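These are the residues of each chain, in order.
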Amino acid sequence: DTMFTVRVADQNDAAALLSLARRFATSFAVDKAAFTTSFEQLLAAPHACLLVAQDQTKVRGYVLGFEHFTLYANGRVAWVEEIMVEKECRRIGAGTRLMRGFEEWAAARGARLIALATRRASEFYTSLGYEESAAYFRKLLPAENETS
C-alpha cells in the first residue's frame, strides 16, 4: 500500500504541476507562460487551496479549489476546480487523501458545503459521500487578446 503525503503546494512543485495540468486539460492546451502566471497567483491567493499528493519519490497528484461567501448557503461554500492524479496512482489513495485535505481546509474556513463538476469520476465522489446535485453548464469567453 503506497503512502501519500498531502501538503500545500510550493514553488518547487511548478514543473510537476505543469506536467499534471497538461494531462488534466482536455478542452485546453496548457501554455507554460499562462500556467506560471496562474501558479504564482494561486500560491498567493487567500481563498485558493492548492494541495499536492506525493509518495516517496515525487508529486503524483494535485487538487485546486476555492472558498467564497454565498447568499444561498448561509455562509461560505467551497468549489473543487481541478483534481488530477497520475493514472498509476489512482485507486490506491492519492485522490482520497487530496479530497480529505481539501475538505479539512474548507471546514477550517467555515465552508458549509463542497461542490464540484465531474464527467468521469462519479463513483469516486459517491464513495467519498458526495451526492449528485445539478447539471454543469459552461460558456467559453474570448481571451482578452482575441476579437470577435
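Higher on the page you've got the structure.
A brief report on the enclosed structure follows. (Residues numbered from 1 in each chain as written. Predicted model: local features only at pLDDT ≥ 70, side-chain atom pairs only at ≥ 80, totals over all residues. Heavy atoms only, no water.)

**A closer look at the overall build of the chain**
No. 1: The helix and strand inventory of the chain stands at 4 helices and 5 strands.
No. 2: For 148 residues, the compact-globule estimate of 2.2 N^0.38 gives 15 Å, and the chain sits close to it at 16 Å.
No. 3: Long-range contacts, defined here as pairs at least 24 residues apart, represent 61% of the contacts in the chain between residues at least 6 apart.
No. 4: Total accessible area on the chain stands at roughly 10,100 Å², and carbon and sulfur atoms take up 52% of it. (Helix = DSSP H or I, 4+ residues; strand = E, 2+ residues; numbered from the N terminus. Rg over C-alpha atoms; globule rule 2.2 N^0.38 Å. Contact = heavy atoms within 4.5 Å. Areas by Shrake-Rupley, 256 points an atom, 1.4 Å probe, with all protein chains shown as cover.)

**Observations concerning the pairing of strand β2 (residues 48-54)**
No. 1: With 6 of 7 residues buried, β2 lies mostly within the body of the structure.
No. 2: Sheet topology note: the strand β1 (residues 5-8)/β2 ladder contains 4 bridges and is antiparallel. Within the sheet, the bridge partner assigned to Thr5 lies in β2 and is Gln54.
No. 3: The hairpin turn running from β2 into strand β3 (residues 59-70), its antiparallel successor, is 4 residues long. (Buried < 20%, exposed > 50% of the residue type's maximum accessible area, 1.4 Å probe, protein only. Pairing = 2+ DSSP bridges.)

**Describing the sheet that holds strand β4 (residues 75-85)**
Pairing between sheet strands relies on hydrogen bonds along the backbone, with the strands arranged either parallel or antiparallel.
No. 1: Taken in spatial order, the 5 strands make up an open sheet running β1-β2-β3-β4-β5, and their pairing is mixed. Both outer strands of the open sheet, β1 and β5 (111-116), are each paired with one neighbouring strand and no more. Between one strand axis and the next, the sheet turns by 25° as a mean value, whatever way the strands run.
No. 2: Contacts from helix α3 (residues 94-108) reach β1, β2, β3, β4 and β5 within the one sheet, and its direction differs from that of β4 by about 160°. (Axes fitted to C-alpha atoms, helices over the stretch in contact; angles between N-to-C directions.)

**Here's the deal with the environment of Arg97**
No. 1: Within the element layout of this structure, Arg97 appears in helix α3.
No. 2: By relative accessible area, Arg97 is classed as partly exposed at 36%.
No. 3: Along the primary structure Arg97 and Phe4 are separated by 93 residues, whereas in three dimensions their C-alpha atoms are 7.4 Å apart.
No. 4: Once residues lying within four places of it in the same chain are set aside, the contact partners of Arg97 are Met3, Phe4 and Val6.
No. 5: A polar contact of 3.0 Å, which involves the side chain of Arg97, links it to the backbone oxygen of Phe4. (Polar contact = N/O pair within 3.5 Å; in protein donor to acceptor, adjacent residues only side chain to side chain.)

**Things to note about the packing of helix α1 (residues 14-24) against helix α2 (residues 32-44)**
No. 1: Between α1 and α2, the shortest axis-to-axis distance is 11 Å and the interhelical angle comes to 120°. Put simply, α1 runs oblique to α2. In this structure, α1 crosses over α2, and the sense of that crossing is right-handed. Where α1 approaches α2, its residues Ala14, Leu17, Leu18, Ala21 and Arg22 are matched on the opposing element by Lys32, Phe35 and Phe39.
No. 2: The class makeup of the residues in the contact of α1 with α2 is 6 nonpolar, no polar and 2 charged. (Parallel < 35°, antiparallel > 145°, perpendicular 65-115°, else oblique. Left-handed = near helix turned anticlockwise from the far one by under 90°. Nonpolar A, V, L, I, M, F, W, Y, C, P; charged D, E, K, R; others polar.)

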